[in-house]
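Letter by letter, the chains look like this.
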Amino acid sequence: MLIQGIHHVCIKCDQSEMEKVRIFYQEVLKMPLVRTWGEGETAGMMFDTGAGLIEVFANAESPLPQGAVRHFALATTDVDQCVEAVRKAGYSVTMEPNNIIIESNPPVPARIAFILGPVGEEIEFFCEGYES
């Protein structure tokens, strides 16, 4: 197989937003901060999701439109706990946790929720195989 998975998702923010991004991913969602680099506009950091990385750069020139990437999903075993952690930290929940069936062959039950991250990124919490 040529492709072996997702290495990272990139988020751009401005320098003034770096600390709130770090707090959100490291403290609210408990993701390890695995590396940092640079200062000012060259600053960056990476967080370990357990199955890939979230890379953050401080060189956004202006608020970025959502563009072609609609959202990214973080795998979890407890969607509700993730939502409560972000809600407690003051972030917006755009879709409350709910159970869905992905009408594939075979059908896949899942529990999902959507929130907005510290710089407007849309994040889905996804628990595949969830049974109500």
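In this report, we go over the structure that sits alongside the text. (Residues numbered from 1 in each chain as written. Predicted model: local features only at pLDDT ≥ 70, side-chain atom pairs only at ≥ 80, totals over all residues. Heavy atoms only, no water.)

### Section: the packing of aromatic side chains
Scanning all chains against the criterion turns up 4 aromatic pairs. Between the aromatic rings of phenylalanine 24 and tyrosine 25, the centroid separation amounts to 4.9 Å while the plane-to-plane angle is 90°, which identifies the pairing as edge-to-face. Across the pair, exposure class does not vary: phenylalanine 24 and tyrosine 25 are buried alike. Aromatic pair tryptophan 37 and phenylalanine 57: ring centres 5.8 Å apart, planes at 65°, arrangement edge-to-face. One end of the pair, tryptophan 37, is in strand 2 (residues 33–37); the other, phenylalanine 57, is in strand 4 (residues 53–57), and 20 residues separate them in sequence. The class of tryptophan 37 is partly exposed, set by a relative accessible area of 28%. Through a chain of ring-to-ring contacts, three or more aromatic side chains come together here, namely Phe24, Tyr25, Phe47 and Tyr91. (Phe/Tyr/Trp six-rings, centres within 6.5 Å; stacked < 30°, edge-to-face > 60°. Buried < 20%, exposed > 50% of the residue type's maximum accessible area, 1.4 Å probe, protein only. Helix = DSSP H or I, 4+ residues; strand = E, 2+ residues; numbered from the N terminus.)

### Overview of the nonpolar core
Counting 27 residues, the largest nonpolar core has Phe24, Tyr25, Leu29, Val56 and Phe125 as its most contacted members. Counting residues per element, the ones that place at least two in this core are helix 1 (18–28), strand 3 (44–48), strand 4, strand 5 (72–75), helix 2 (79–88), strand 7 (108–116) and strand 8 (122–128). At 5 residues, the largest contribution of residues to this core is made by helix 1. In this structure, valine 56 is in contact with Ile11, Cys13, Met18, Val21, Trp37, Ala43, Gly44, Met45 and Phe47, ignoring residues within four places of it in sequence. (Core = buried A, V, L, I, M, F, W, Y, C linked by side-chain atoms within 4.5 Å. Contact = heavy atoms within 4.5 Å.)

### Some remarks on helix 2
Those residues of helix 2 lying buried are Val79, Cys82, Val83 and Val86. Looking straight down helix 2, one finds its buried side chains confined to an arc of 95°; they lie on one side. Turned more than 90 degrees from where helix 2 packs its buried face, Gln81 and Lys88 sit exposed. The secondary structure elements touched by the buried residues of helix 2 are helix 1, strand 6 (93–102), strand 7 and strand 8. The N-cap residue of helix 2 is aspartate 78: its side-chain oxygen and the backbone nitrogen of aspartate 80 are 3.3 Å apart. (Arc of directions from axis to C-beta. Polar contact = N/O pair within 3.5 Å; in protein donor to acceptor, adjacent residues only side chain to side chain.)

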